[in-house]
Amino acid sequence: LVRIDVMFTKLYEKIKEIIKQNYLYFTFYFVLVAVCLYPLPFYIYNGGGTIDVSDRVEIDGGYSSRGSYNLCYVSELRATLPSYLLAKILPGWDLVPMEDLSLNEEETEEDLMIRDRIYLNDANMTAISLAYQKAGKEFSVVDASNYVIYLDAYSKTDLKIGDDIQKVDGKIITSLSDLQAIVQERKVGDVLTFEVVRDGKTITCTGEIIQQEDSQLLGIALQTSYVYETDPEIELHFSDNEAGPSGGLMLTLSIYDQLVPEDITKGRKIAGTGTIDSEGKAGAIGGVKYKLAGAVKDKADIFIVPNGENYEEAIKLQQEKNYDIEIIGVDSFEDALEKLG
C-alpha cells in the first residue's frame, strides 16, 4: 500500500510539472476548442437527399410496389466558427440566420426542433387519415393532443413549446376553440391554471389573460394532433433527427399505394416534397433547390412538387442545371394520383 501511494504521489507531481511548463499551450488549446464548438446564430444548408418511404411505413398485409416513393430532405447543421468559414467559401453551403427560422427572439434551437417534431407527427397522422379515407379503409380517432407550438414574446405564462394541454381550470381541452372559449369568458388579468404533460409527466402551469389591441388572449398557439386506430394496422418509423411537415404528400401517396392493389409507381423511383392538409391539398415548402438536387443525385425518375412558386423554382433549376428528371407540379393528392397515371 505504501509503494502504491508513493507511485501516485510521483505521478501527481509529474503531471503538475507538465501543466506548469505547458500551461500556455493548454490554455490556448482549450480556448480554441471552446471557440470552435460554440454554436453561432446560423444554420448551414449543404445539400439534400432522399429516403425510401418503405423504410418508414409498415402496413400489415400491405401491397408491394415495383417502384418506390422517396421523401426529399435538406441537410442542415448548426453553424460553428469552422463550418461558418467553410460556408463562406464552399459552393452549395448556404448560411441561414436563426432568426429566419424562429418565430421570435426568445425561441431556442430546442424550441425549433420540438415544434418541427410536432409538425412531423401531425403530417404523419394527416397522411394516414387521408390515405385510409381515399382507399376506403377503416380508421378512427383514439386520442388527441393539444400541443403548444408558439409563445408570443408578450405572453405571461410558464408554459413551454411542446407542452400537451390536458385541462384548463379543471375543464378538459379537446381543441384550440375550447381554450379560446374559456379565455373569452374571463377578463384581462385573470390567471388560468393549466394541467399539461411535459416530458411524460403531468405538471401544473399558469397563464395570464392579456389585452392586445381589441382582443384578450393568452399569446399562445396550439396544434391539435390525432392518433388513429386503423384496419389494417400501420406503424411509422421516423428517427429523432427527422422533423417538419414537408413529407406529408409523399407519405400519403406511399400509404395509399400500399392499401390498394394497383401499383401506382409502375416501377418508377418517385421523389417529391410538399405538405398535405386534411382535405388533400398540397402546400408549399422551403428548400426546393436542395431537395431537387437530392432527387437528381439519387437518380429519381420523377420529382413531385406543389404548384406555384415551388414548381416554378424547380423548373427554372432544371433548365439552368440541365437536370435529367421529370418534374410534376400538383395541387392536391388527387392531382398527384392523376398525373402519376
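Just above sits the structure.
Residues numbered from 1 in each chain as written. Predicted model: local features only at pLDDT ≥ 70, side-chain atom pairs only at ≥ 80, totals over all residues. Heavy atoms only, no water.

Asks: Hey, could you go over the side chain of aspartate 122 for me, with residue numbers and the actual values?
Replies: The residue aspartate 122 is located in helix H4 (residues 109–135) in this model. The contacts of aspartate 122, once residues within four sequence positions are left out, are Gln223, Thr224 and Ser225. (Helix = DSSP H or I, 4+ residues; strand = E, 2+ residues; numbered from the N terminus. Contact = heavy atoms within 4.5 Å.)

Asks: With reference to specific residues and values, describe the pattern of salt bridges.
Replies: Note on pairing: side chains with opposite charge can pair once their charged atoms come close. Per the stated rule, a full pass over the model turns up 13 salt bridges. Taking the shortest distance from any N to any O, the salt bridge between arginine 186 and aspartate 169 comes out at 2.7 Å. Placement of the pair is arginine 186 in the loop between helix H5 (176–185) and strand E9 (191–198) and aspartate 169 in the loop between strand E7 (164–168) and strand E8 (171–172), with a sequence separation of 17 residues. (Salt bridge = Lys/Arg side-chain N within 4 Å of Asp/Glu carboxyl O.)

Asks: Could you give an account of the layout of surface pockets, naming the residues involved and the relevant values?
Replies: Estimated volume of the largest pocket: approximately 1,100 Å³. What lines the largest pocket is a set of 41 residues, and nearest its centre among them are Val74, Glu76, Asp116, Ala243 and Gly244. Sorting the residues of the lining of the largest pocket by element identifies strand E1 (42–52), strand E3 (68–78), H4, helix H6 (248–259) and helix H7 (288–297) as the ones contributing at least two each. Per-element tally for the lining of the largest pocket: the top contributor is H4, with nine residues. The residue makeup of the lining of the largest pocket, split by class, is 22 nonpolar, 10 polar and nine charged. Each pocket or cavity is described by its volume, and for the second largest pocket that value is around 310 Å³. Lining the second largest pocket are 15 residues, and of these Ile114, Ile161, Gly162, Arg198 and Asp199 sit closest to its centre. (1 Å grid on protein atoms, 1.4 Å probe; cavity = no way out; pocket = protein on both sides within 12 Å on 5 of 7 lines; lining within 4 Å. Points joined across faces, edges and corners; volume = space filled by probe spheres on them. Nonpolar A, V, L, I, M, F, W, Y, C, P; charged D, E, K, R; others polar.)

Asks: So what's going on with the pairing of E9? Which residues, and what values?
Replies: Where burial is concerned, the two faces of E9 differ: the one with Leu192, Phe194, Val196 and Arg198 is buried and the one with Val191, Thr193, Glu195 and Val197 is not. One ladder, built from four bridges, connects E7 with E9; its direction is antiparallel. When the bridges of E9 are listed, aspartate 164 appears paired with valine 197. As judged from the eight bridges shared by E9 and strand E10 (residues 201–208), these two strands associate in the antiparallel manner. Bridge pairing in E10 links arginine 198 to lysine 201. The hairpin turn running from E9 into E10, its antiparallel successor, is two residues long, and aspartate 199 in that turn takes a positive phi close to 55 degrees. (Buried < 20%, exposed > 50% of the residue type's maximum accessible area, 1.4 Å probe, protein only. Pairing = 2+ DSSP bridges.)

Asks: So what's going on with H5? Residues and values would help.
Replies: Among all positions in H5, only Leu179, Ile182 and Val183 are buried. Angularly, the buried residues of H5 cover 100 degrees about the axis, an arc narrow enough to put them on a single face. With respect to the buried face of H5, the exposed residues turned more than 90 degrees away are Gln184 and Glu185. Against the buried residues of H5 lie E7, E8, E9, strand E12 (215–217) and strand E13 (220–231). (Arc of directions from axis to C-beta.)

Purely spatial values, then, with no claim about function.
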